[in-house]
Amino acid sequence: MPYLLHSFLVISKFPCKLKAFPCSLNSMSSQDNGSPEFPTWPEYRFPDLLSAESVRQVHATIESEWDPLQRSACQTAAGRALWKHVVNDPLADILAGETYLKSLHEKIQKDCVNKAREISGVILAVRTLWFDSKLEAALHSFDNREAQVVLLGAGMDARAYRLSCLKESNVFEVDFPDVLQIKATLLQAAMDSRNDHQHLMMTAKSITRVEADIRSDDWLEKLQVSGFMPEKNTVWVLEGILYYLTHPEATEVLKIIADKCSLTQTVLLADFMNKPSTSLSNSIFHFYSDWPDHLLPSLGFSHVKLSQIGDPDAHFGLLHDPSNLFNKLRSLPRSVQTHPDDGTPCCRLYLVEASGSPKQTIP
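Given the structure is predicted, the values throughout are model-derived calculations rather than measurements.

Thresholds, definitions, all that
- Residues numbered from 1 in each chain as written.
- Predicted model: local features only at pLDDT ≥ 70, side-chain atom pairs only at ≥ 80, totals over all residues.
- Heavy atoms only, no water.
- Helix = DSSP H or I, 4+ residues; strand = E, 2+ residues; numbered from the N terminus.
- Buried < 20%, exposed > 50% of the residue type's maximum accessible area, 1.4 Å probe, protein only.
- Pairing = 2+ DSSP bridges.
- Axes fitted to C-alpha atoms, helices over the stretch in contact; angles between N-to-C directions.
- Expected span 1.5 Å × (residues − 1).
- Phe/Tyr/Trp six-rings, centres within 6.5 Å; stacked < 30°, edge-to-face > 60°.
- Contact = heavy atoms within 4.5 Å.
- Parallel < 35°, antiparallel > 145°, perpendicular 65-115°, else oblique.
- Left-handed = near helix turned anticlockwise from the far one by under 90°.
- Nonpolar A, V, L, I, M, F, W, Y, C, P; charged D, E, K, R; others polar.
- Salt bridge = Lys/Arg side-chain N within 4 Å of Asp/Glu carboxyl O.
- Patch = residues over 30% accessible without salt bridge, like charges linked within 9 Å, V, L, I, M, F, W, Y side chains within 5 Å.
- Areas by Shrake-Rupley, 256 points an atom, 1.4 Å probe, with all protein chains shown as cover.
- Lys, Arg positive; Asp, Glu negative; His and termini not counted.
- Charge placed at Lys NZ, Arg CZ, Asp CG, Glu CD.
- Polar contact = N/O pair within 3.5 Å; in protein donor to acceptor, adjacent residues only side chain to side chain.

Colleague: For this particular structure, what's the right way to read the overall build of the chain?
Modeller: Each helix and strand in the chain was counted, giving 12 helices and 11 strands. Expressed as a percentage of the 363 residues in the chain, the buried residues total 55%.

Colleague: When you look at the sheet that holds strand β9 (residues 266-273) in this model, what are you seeing that I'm missing?
Modeller: Pairing between the strands of a sheet is mediated by backbone hydrogen bonds and can be parallel or antiparallel. Pairing within the open sheet is mixed, and its 7 strands lie in the order β7-β6-β5-β8-β9-β11-β10. If you trace the sheet from one side to the other, it starts and ends with β7 (206-211) and β10 (303-308), each paired once. For this sheet, the mean angle separating the axes of adjacent strands, direction not counted, is 15 degrees. In this sheet, strand β6 (residues 169-175) lies alongside strand β5 (residues 147-152) in parallel orientation, the contact comprising 6 bridges.

Colleague: What is the right way to look at helix α5 (residues 98-113) in this model?
Modeller: Given 3.6 residues per helical turn, the α-helix brings residues three or four places apart onto the same face. Its 16 residues give α5 an end-to-end C-alpha distance of 22 Å, which sits within 8% of 22 Å, the value for a rise of 1.5 Å per residue. Along α5, the positions that sit buried rather than exposed are E98, Y100, L101, K102, S103, L104, H105, E106, K107, I108, D111 and C112. Just downstream of α5, K115 is the residue with a positive phi angle, here 55 degrees.

Colleague: Is there a simple way to explain the packing of aromatic side chains in this structure?
Modeller: Two aromatic rings are characterised by how far apart their centres lie and by the angle between their planes. A full pass over the atoms with the stated rule returns 9 aromatic pairs. Ring geometry for Y243 against F285: centres 5.3 Å apart, planes inclined by 85 degrees, an arrangement best described as edge-to-face. A residue pair is termed long-range when its members are at least 10 positions apart, and Y243 in the loop between β8 (234-238) and α9 (247-259) and F285 in the loop between α10 (275-278) and α11 (292-299) qualify at 42 residues. Exposure remark for F285: the relative accessible area of 4% places this residue in the buried category. Aromatic rings pair up to connect F172, W219, F228 and W236 into one cluster.

Colleague: Where do I start with α9 in this structure?
Modeller: With 13 residues, α9 extends 18 Å between its outermost C-alpha atoms, agreeing within 8% with the 18 Å of an ideal straight helix rising 1.5 Å per residue. Regarding α9, the residues found buried are A250, V253, L254, I256, I257 and A258. Looking at the buried positions of α9, the neighbouring elements they touch are β5, α8 (219-225), β8, β9 and α11.

Colleague: Could you clarify how one ought to interpret the pairing of β5 in this entry?
Modeller: On a regular strand, each side chain points to the face opposite its neighbour's, so the side chains alternate between the two faces of the sheet. The buried count for β5 comes to 6 of 6 residues, which makes it a mostly enclosed element. Of the two faces of β5, the one carrying A147, V149 and L151 and the one carrying Q148, V150 and L152 are both buried. Here β5 pairs with β8 via 4 bridges, running parallel. When the bridges of β8 are listed, V149 appears paired with V235.

Colleague: Would you mind going over the packing of helix α3 (residues 68-82) against α5 with me for this structure?
Modeller: How two helices sit against one another is set out by the angle between their axes and by the gap between those axes. Between α3 and α5, the shortest axis-to-axis distance is 9 Å and the interhelical angle comes to 55 degrees. As the angle between them shows, α3 and α5 are arranged oblique. Handedness of the crossing formed by α3 with α5: right-handed. In contact with R71, C74, Q75, A78, G79, A81 and L82 of α3, α5 contributes Y100, L101, L104, H105 and I108. Residue composition of the contact of α3 with α5, by class: 8 nonpolar, 3 polar and 1 charged.

Colleague: Honestly, the pattern of salt bridges in this entry has me stumped. Any pointers?
Modeller: Pairing is possible between side chains of opposite charge, provided their charged atoms come close. The full count for this structure, using the stated rule, is 24 salt bridges. Here E173 and K183 are joined by a salt bridge, their closest N and O atoms 2.9 Å apart. You can see E173 sitting in strand β6 and its partner K183 sitting in helix α7 (residues 177-192), a full 10 residues away along the chain. By relative accessible area, E173 is classed as buried at 0%. As a salt-bridge pair, K222 and D218 come within 3.5 Å of each other at their nearest N and O atoms.

Colleague: I tried to follow a negative patch on the surface on my own but got confused; where do I start?
Modeller: On the surface, a cluster of negative charge is contributed by E65, D67, D178 and E211. Positionally, E65 belongs in helix α2 (residues 53-65).

Colleague: Got a minute to help me understand the environment of A314 in this structure?
Modeller: Considering the arrangement of structural elements, one finds A314 in the loop between β10 and α12 (325-330). Along the backbone, A314 and V126 are 188 residues apart, and their C-alpha atoms lie at a distance of 6.3 Å. What A314 contacts, discounting residues up to four positions off in sequence, is V126, W130, S307, Q308, I309, L319 and L351.

Colleague: Would you mind going over the environment of L166 with me for this structure?
Modeller: Position of L166 relative to the elements: it lies in the loop between β5 and β6. For the pair formed by L166 and K205, sequence separation is 39 residues and the distance between their alpha carbons is 6.6 Å. Every residue in contact with L166, bar those within four places of it in the chain, is listed here: L135, L139, V149, R159, A160, V171, T203, A204 and K205.

Colleague: Looking at this structure, how should I read the environment of F316?
Modeller: Its place among the elements puts F316 in the loop between β10 and α12. Put simply, F316 and V126 are 190 residues apart on the chain and 6.8 Å apart in space, counted from C-alpha to C-alpha. Excluding anything up to four places from it in sequence, F316 contacts V126, L129, W130 and S133.

Colleague: What is the right way to read the side chain of T234 from this model?
Modeller: Here T234 shows up in strand β8. Among the polar contacts made by the side chain of T234, one reaches the side chain of Q148 at a distance of 2.9 Å. There is a polar contact of 2.7 Å between the side chain of T234 and the backbone oxygen of K232. If we ignore the near neighbours within four places in the chain, the residues touching T234 are F142, Q148, V150, F228, Q265, T266 and V267.

Okay, structure coming up:
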């Protein structure tokens, strides 16, 4: 499986004891006098809270009852937890659970032993940092700093507990009822713990959880009933969710958000897969866009900026090696869908910021 998708879907198991092992934290194949140099990956220690029976029961429910879309939230949290040397998310491990932490750690271990140019989870780390930085910049750009932030398909996102830039923002988390209920249970366990999470507190002005399926036609109504104000400056965060939707579903969600540009300052932060990423065998992904920077203006956004993993605003010092997969893809025209060197699909992830307001018009 090409690395882009491989890094999302990490579901194997391995023994419980996780030790430090050789691996570079910056350039995974940095050269010194012609020889690779591999410092030590940080040793990972499970929080004591993960062994609590109540928490173990919650994660057992996730394993037995959640579908792949829902479980992807735990996989993403595992990536944030194991890349904690660059991502500040102290709640990620409890939200991920042992199964996904162990799975990703094993993949990282194998990558380091094999001196891989791309380490499993790096795409999740870069994506998280990109969304964090763009969210902060968007909030600072508003005329009125008080704003709303809507996380569609919020999953195990903990930004409302870790980003200080949300201190004047009302955060709305929209997801399936069982996802939000289990997440609330895990967060409460973390907040009640006297050990690992004793200093944690909400950093957002407020947080409202909205039980809704964005594939249905009533999610916006449920959001508004919960206190969302359409005329208020809003950042919409769609991280790791669009490609699970069908084309009609994803297009409708994007159109609903674009319509808000006529009412107020509106910013969309989203990631898009291209067609090769969704066309692999056994893929659970549906929606794709090879040209989201063309799609979004057609829906009503007046400004769109697209980045690829490894671009100046989307590497965060983690992708120095010019011959890693992401930099190789960036060197090819986006219209190329099969790599000319080896015939493998050019699986790309686009990080996209789009915006609009009543003052702006589409050129």
